[in-house]
Amino acid sequence: MTAPNADVISAAQAQFPAATPRPSADHPAINVPAGDAIAVLRFLRDTQGYDYLTDLTAIDWTAEKSPRFTVVWHLYSSTKHVWVRVAADCLDDANPSMPTTSVLWAGANWHERECFDLMGIKFEGHPDLRRILMWDGYPYHPLRKEFPLAGIPTDLPDAEIAAEVKVGTIAAPMAGGPFVATPGEPMSDAEPRAKDESWNERREKPENA
């Protein structure tokens, strides 16, 4: 295992005083204001060797909290073999947005489209911010906290097909789910299992379940 590069936090703070260390159980991590995000990421790429954006995601802290959404970037240095995590809160809870990082890494293009599709975060300046998994016009963002695990029944996007099949999308059968893993060993005992195993696809859900 490669030793973490803790110096990267000090280096970033020296350039961006508003940056603060972020609690982390694995790699060095830093919180930055949204307005500094692009500059910090560029600094990490150009001066600290973090040349690979491995992942871009977001956290929904729930509608009751503000700031509600945090965008997270995971960077890797292909020369130092170390990681760093950068996080920035979206300023607007109702219409969350963040500057695009596709100007720094071409691979951010699809990461940001996925984050936009599933979380509803707009990436300002993105060259082609279209949904990537759900269809255009889909009214929800499925990874937001208020979106039910089984999904929401929705009309099909193509009117001609919808008229032919006469049914839209339906909520997924949960079969006793959600499925949770139990910590511990052996792995065979820790595999995800339904919380409620009294019903499944072949055995109807009890009325009081």
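Residues numbered from 1 in each chain as written. Predicted model: local features only at pLDDT ≥ 70, side-chain atom pairs only at ≥ 80, totals over all residues. Heavy atoms only, no water.

**Overview of the packing of aromatic side chains**
And step 1. Applying the stated criterion across every chain yields a total of five aromatic pairs.
And step 2. For the ring pair tyrosine 138 and tyrosine 140, a centre distance of 5.5 Å and an interplane angle of 75° mean the geometry is edge-to-face.
And step 3. By relative accessible area, which is 7% here, tyrosine 138 ends up buried.
And step 4. Taken together, the aromatic side chains of Trp135, Tyr138, Tyr140 and Phe147 make up a single cluster linked through ring pairs. (Phe/Tyr/Trp six-rings, centres within 6.5 Å; stacked < 30°, edge-to-face > 60°. Buried < 20%, exposed > 50% of the residue type's maximum accessible area, 1.4 Å probe, protein only.)

**A word on unusual backbone geometry**
And step 1. At the junction of serine 66 and proline 67, the peptide bond is cis and its omega measures out at 0° in the coordinates.
And step 2. In this fold, proline 67 is placed in the loop between β3 (52–60) and β4 (69–76).
And step 3. Even without being a glycine, threonine 62 presents a positive backbone phi close to 95°.
And step 4. As for its placement among the helices and strands, threonine 62 is situated in the loop between β3 and β4.
And step 5. Even without being glycine, histidine 81 reaches a positive phi, approximately 60°.
And step 6. Counting through the fold element by element, histidine 81 comes out in the loop between β4 and β5 (83–89). (Helix = DSSP H or I, 4+ residues; strand = E, 2+ residues; numbered from the N terminus.)

**A closer look at the sheet that holds β3**
And step 1. A sheet is described by the order of its strands in space; here five strands give the open sequence β1-β2-β5-β4-β3, paired in mixed fashion. On the outer flanks of this sheet lie β1 (20–21) and β3, each paired with one strand and no other.
And step 2. Summarising the sheet, strand β2 (residues 29–31) and β5 pair through three bridges and their orientation is parallel. Residue pairing in the sheet places isoleucine 30 in a bridge with valine 86 of β5.
And step 3. Its contacts with the sheet put helix α3 (residues 108–119) on β3 and β4, and the angle it makes with β3 is roughly 10°. (Pairing = 2+ DSSP bridges. Contact = heavy atoms within 4.5 Å. Axes fitted to C-alpha atoms, helices over the stretch in contact; angles between N-to-C directions.)

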